[in-house]
Amino acid sequence: MGTIFKEACSLLEEKTPFVLATIVRSEGSTPRSSGSKMIVTPDGRGIGTIGGGQLEAGVMSRAVEVIRRRDSSLISYNIDVPAVSNKEMICGGTADVLLDHIAVTPENRTVFRAWTKMVAAGEKGCFLTRVTTTAGDSDIVHVDHALVNVHGEIEAGSITLTADQMAQVTAAAASTDIHTFFIDGDLVLVEPAKRICTAYFFGAGHVSRWTAHMAALVGFRVSVSDDRESHANAQQFPEADEIRVLDNFEHCMPEKNLGSDDFAVILTRGHLSDKIVLAQALATGAGYIGMIGSRKKRKAIYGMLLDEGFTQADIDRVHSPIGIAIGAETPEEIAVSIVGEMIAVRAGYTLC
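Residues numbered from 1 in each chain as written. Predicted model: local features only at pLDDT ≥ 70, side-chain atom pairs only at ≥ 80, totals over all residues. Heavy atoms only, no water.

Examining the sheet that holds strand S12 (residues 221–226)
Across the sheet, which stays open at both edges, the 6 strands sit in the order S13-S12-S11-S14-S15-S16 with parallel pairing between neighbours. Edge strands, defined here as strands with exactly one partner in the open sheet, are strand S13 (242–245) and strand S16 (318–319). In this sheet, strand S15 (residues 288–291) lies alongside strand S14 (residues 262–266) in parallel orientation, the contact comprising 4 bridges. Bridge assignment links Ile 266 to a residue of S15, and that residue is Met 291. On the sheet, helix H9 (residues 331–346) packs against strand S11 (198–202), S14, S15 and S16 and is oriented at approximately 155° with respect to S14. (Pairing = 2+ DSSP bridges. Helix = DSSP H or I, 4+ residues; strand = E, 2+ residues; numbered from the N terminus. Contact = heavy atoms within 4.5 Å. Axes fitted to C-alpha atoms, helices over the stretch in contact; angles between N-to-C directions.)

Dropping the structure here:
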């Protein structure tokens, strides 16, 4: 979600209108659930995905028309179960998709920029969309957006709500899922700010470069730390939100204490620096700690840490060798392995 809204901000700054396509309701077997989003640009380019297949193809085609007409549309799709011989995904269900035409206006720039900052900062709140239709019809008159903060106040946007209506919005925002309901006949979408996990990469070599790139693609905020400015720089890590050039790894943890939404990924160039970073990571509340290396290396480092007073419970927190066992050899393949494990941990999925 964070990536979609960053792209939205970039397009608005470039004065490019677009459609923000959102699944507002789904039933049966559909590629993705309610709340899934993608952007469609005037030239038909898609950013993000709502599941691929016939649903996404239909949305992208209609979205280009919506941009040309400069209006918005709410459409329903029946996703048929294709024949087994068909190579498309086998799904069967219905989905309602809002094709929200985002015009280049000062208000839209303000709302989308504020929402992106709120999500990046990990603040609580919600993105509010109100869809006004003609009486007794499904034709959309206009779509309005607003940003609601944790105190139930409109921070940006022009939507007006009564106290009771705002209470309904804030109650819906307490969940992590998108909610839809009606206010005075208007469809209202409440999209709570979801947590953004930060991946702290210690080491800026080839494996780190590809792993950081892939982590950014799947929605992690990326921080890279190394004691070599020639490696830790924006040219090597263009997607990084933060790059830290250290004197050494002796005091490498950020000032903010790592918590349950933070991932420590240890990929330095030496056993000693790995051990130094790992000792510091174990003193934090990081939700994930992974260290690259062989089982022989792991055993040696664990032995040193146990001699220094760390417990077996501390050691059991570490994912090492890091990543999912998929036979990875190249830096790119190792990145797939590591990020796959990170995704699983973020989703609360237990790997066997």
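Back to the write-up after that little detour.
Some words on the nonpolar core
Of all hydrophobic cores here, the largest spans 23 residues; its most connected members are Phe 202, Leu 278 and Ile 289. Only S11, S14, helix H6 (271–282), S15 and helix H7 (295–307) provide two or more residues apiece to this core. If we ignore the near neighbours within four places in the chain, the residues touching Phe 202 are Ser 225, Arg 244, Phe 249, Cys 252, Met 253, Ala 264, Val 265, Ile 266, Leu 267, Thr 268 and Val 277. (Core = buried A, V, L, I, M, F, W, Y, C linked by side-chain atoms within 4.5 Å. Buried < 20%, exposed > 50% of the residue type's maximum accessible area, 1.4 Å probe, protein only.)

Comments concerning the packing of aromatic side chains
Enumeration over the complete set of coordinates arrives at 8 aromatic pairs. Between Phe 263 and Tyr 288 the ring centres are 5.2 Å apart and the planes differ by 25°, which places this aromatic pair in the stacked class. Pair noted here: Phe 263 is in strand S14 and Tyr 288 is in strand S15, with a separation of 25 residues, a long-range link. Through a chain of ring-to-ring contacts, three or more aromatic side chains come together here, namely Phe 5, Phe 18, Phe 112, Trp 115 and Phe 127. Sitting above the plane of the Phe 220 ring, Arg 346 keeps its charged end 4.3 Å from the centroid. (Phe/Tyr/Trp six-rings, centres within 6.5 Å; stacked < 30°, edge-to-face > 60°. Lys NZ or Arg CZ within 6 Å of the ring centre and 35° of its normal.)

On their own, these measurements won't tell you what the molecule is for.
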